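Here's the letter readout for the chains.
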Amino acid sequence: MNWDDETTAETEPRLVGGAADGEDQAVEAALRPKSLAEFVGQERVREQLDLVLKAALARGATADHVLLSGAPGLGKTTLSMIVAAEMNAPIRITSGPAIQHAGDLAAILSSLQEGEVLFLDEIHRMSRPAEEMLYMAMEDFRVDVIVGKGPGATAIPLELPPFTLVGATTRAGLLPPPLRDRFGFTAHMEFYEPVELERVIHRSAQLLDVDIEAEGAAEIAGRSRGTPRIANRLLRRVRDYAQVKADGLITREVAAAALGVYEVDSRGLDRLDRAVLQALLKLFGGGPVGLSTLAVAVGEERETVEEVAEPFLVREGLLARTPRGRVATPAAWSHLGLVPPQQGASGQQGLFGA
């Protein structure tokens, strides 16, 4: 239901990955909420954004520029479309990687209508010349178009109609302060609680004409990594299993069996996640171990382990990054049903007292 795109180090699609593939994008178009009232979760962001938009409408003005940050799949793209819908304005969609020259941005800005919403996904990946042009466009609604080269070059000021820029980023720390400060409203999207994901799943199931029990929705929600996009993807896979192996009704047992087939365990870990933990626990006694060594043991690239598997394992409290290397936590031993080694002969305990 609430999603956006991301470029990651993933070399193959993951059922529990945050990035959206072609199938996800096609389904999302039908499942996206169309208003703030329909949007599930992100209560604080919704309330604040609702005030911003209603105040702008009351003044008869365009809304302030909006910056949305957070992990992939949490609803940044969806909220940008809702901003346009709530303001009764058209929306133009582009992305930072697509704007490599200032001229690319100038062409987009000069064709905007008054009040239009410009959604700029992955805004932190925009080129520096285009970024500097955006400063003036956001603040003064004008850009200087350079004509000619060298000493004979001249700057022609081009007035722009008032517009609202909605920027989305998965890495807010990469945005330069001058750009970040020009947004009138900034919001960070948080991961969803299981009860919120249950609401997402029930809504999507209704739109997809899928029969699902409350316990079945809870089972899927608990394995969805706090991300609506993943919840909807798992729902579709469980639906397929229920249609082929059961009577079409998704119960807790059917959901658990289906996700077992797709190797998504009770905490949302998939094959790669478990491989990292098993190597860390069984081969290196829980660590510490260097990232490169761990990647070789798993048979994956260093970047894949660091950027694809580790963020979720760290967030779940199953793995810790330390100056000496990666270390498993007691929760990791417990989750895999293994017993941590006893303290060494020196009598010194490990980092977590194991």
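Residues numbered from 1 in each chain as written. Predicted model: local features only at pLDDT ≥ 70, side-chain atom pairs only at ≥ 80, totals over all residues. Heavy atoms only, no water.

1. Looking at the packing of helix 4 (residues 102-110) against helix 5 (residues 128-140)
Part 1 of the argument: Running from N to C, helix 4 and helix 5 point in directions that differ by 35°, and their axes come no closer than 7 Å. Where helix 4 abuts helix 5, its residues A102, L105, A106 and L109 lie against P129, A130, M133, L134 and A137. (Axes fitted to C-alpha atoms, helices over the stretch in contact; angles between N-to-C directions. Helix = DSSP H or I, 4+ residues; strand = E, 2+ residues; numbered from the N terminus. Contact = heavy atoms within 4.5 Å.)

2. Digging into the pattern of salt bridges
Part 1 of the argument: In this structure the tally under the stated criterion is 17 salt bridges.
Part 2 of the argument: The salt bridge involving R203 is made with E38; its shortest N-O contact spans 3.2 Å. Taken together, the residues R203 in helix 7 (residues 194-207) and E38 in the loop between helix 1 (22-31) and helix 2 (43-59) connect sequence positions 165 residues apart.
Part 3 of the argument: A residue is classified by how much of its surface remains accessible, and R203, at 19% relative accessible area, is buried.
Part 4 of the argument: Relative accessible area serves as the criterion here: at 34%, E38 is assigned to the partly exposed category.
Part 5 of the argument: Taking the shortest distance from any N to any O, the salt bridge between E219 and R252 comes out at 2.9 Å. You can see E219 sitting in helix 8 (residues 214-221) and its partner R252 sitting in helix 10 (residues 252-261), a full 33 residues away along the chain.
Part 6 of the argument: The exposure class assigned to E219 is buried, which follows from its relative accessible area of 13%.
Part 7 of the argument: Taken together, the shared-partner salt bridges connect E215, E219, R223 and R252 into one network. (Salt bridge = Lys/Arg side-chain N within 4 Å of Asp/Glu carboxyl O. Buried < 20%, exposed > 50% of the residue type's maximum accessible area, 1.4 Å probe, protein only.)

3. Overview of the nonpolar core
Part 1 of the argument: L49, L79, I201, I212, I220 and I250 are the most contacted members of the largest nonpolar core, which totals 49 residues.
Part 2 of the argument: With six residues, the single largest contributor to this core is helix 9 (residues 228-245).
Part 3 of the argument: Aside from chain neighbours lying at most four places away, what touches I220 is I201, I212, A231, L234, L235, V238, I250, A255 and L259.
Part 4 of the argument: L105, L118, L175 and F183 belong to the second-largest nonpolar core, a separate cluster that totals 24 residues. (Core = buried A, V, L, I, M, F, W, Y, C linked by side-chain atoms within 4.5 Å.)

4. Some details on the pairing of strand 6 (residues 164-169)
Part 1 of the argument: Burial of strand 6 is extensive: six of the six residues sit out of reach of the surface.
Part 2 of the argument: Residues T164, V166 and A168 line one face of strand 6 and the alternating positions L165, G167 and T169 line the opposite face, and both faces are buried.
Part 3 of the argument: Sheet topology places strand 1 (residues 66-69) next to strand 6; four bridges connect them, and they run parallel. By the bridge assignment for strand 6, V66 is matched with V166.
Part 4 of the argument: Examined bridge by bridge, strand 3 (residues 117-121) and strand 6 share four bridges and lie parallel to one another. Along strand 6, the bridge assignment pairs F119 with V166. (Pairing = 2+ DSSP bridges.)

5. Thoughts on helix 2
For an α-helix, 3.6 residues make a turn, and residues three or four places apart therefore share a direction.
Part 1 of the argument: Between its first and last C-alpha atoms helix 2 spans 25 Å; for 17 residues at 1.5 Å apiece the expected length is 24 Å, and the two agree.
Part 2 of the argument: What helix 2 keeps buried is the set V45, R46, L49, V52, L53 and A56. Buried residues of helix 2, seen end-on, are gathered within an arc of 135° and therefore sit on one face of the element. Among the exposed residues of helix 2, those oriented more than 90 degrees off its buried face are E47, L51, K54, A58 and R59.
Part 3 of the argument: Buried residues along helix 2 sit against strand 1, helix 3 (76-86) and strand 7 (185-188).
Part 4 of the argument: Trailing helix 2 by a residue or two, G60 shows a phi angle of about 70°, which is positive. (Expected span 1.5 Å × (residues − 1). Arc of directions from axis to C-beta.)

6. A closer look at the sheet that holds strand 6
Part 1 of the argument: Reading across from one edge, 2-3-6-1-7 is the order of the five strands in this open sheet, with parallel pairing throughout. At either margin of the open sheet sits one strand with a lone partner, and together these are strand 2 (91-95) and strand 7. Across the sheet, the axes of successive neighbouring strands diverge by a mean angle of 15°, strand direction being ignored.
Part 2 of the argument: Pairing between strand 2 and strand 3: five bridges, direction parallel. Its bridge partner lying in strand 3, S95 is registered against D121.
Part 3 of the argument: In this fold helix 2 packs onto strand 1 and strand 7, with an angle of close to 165° to the strand it touches most, strand 7.

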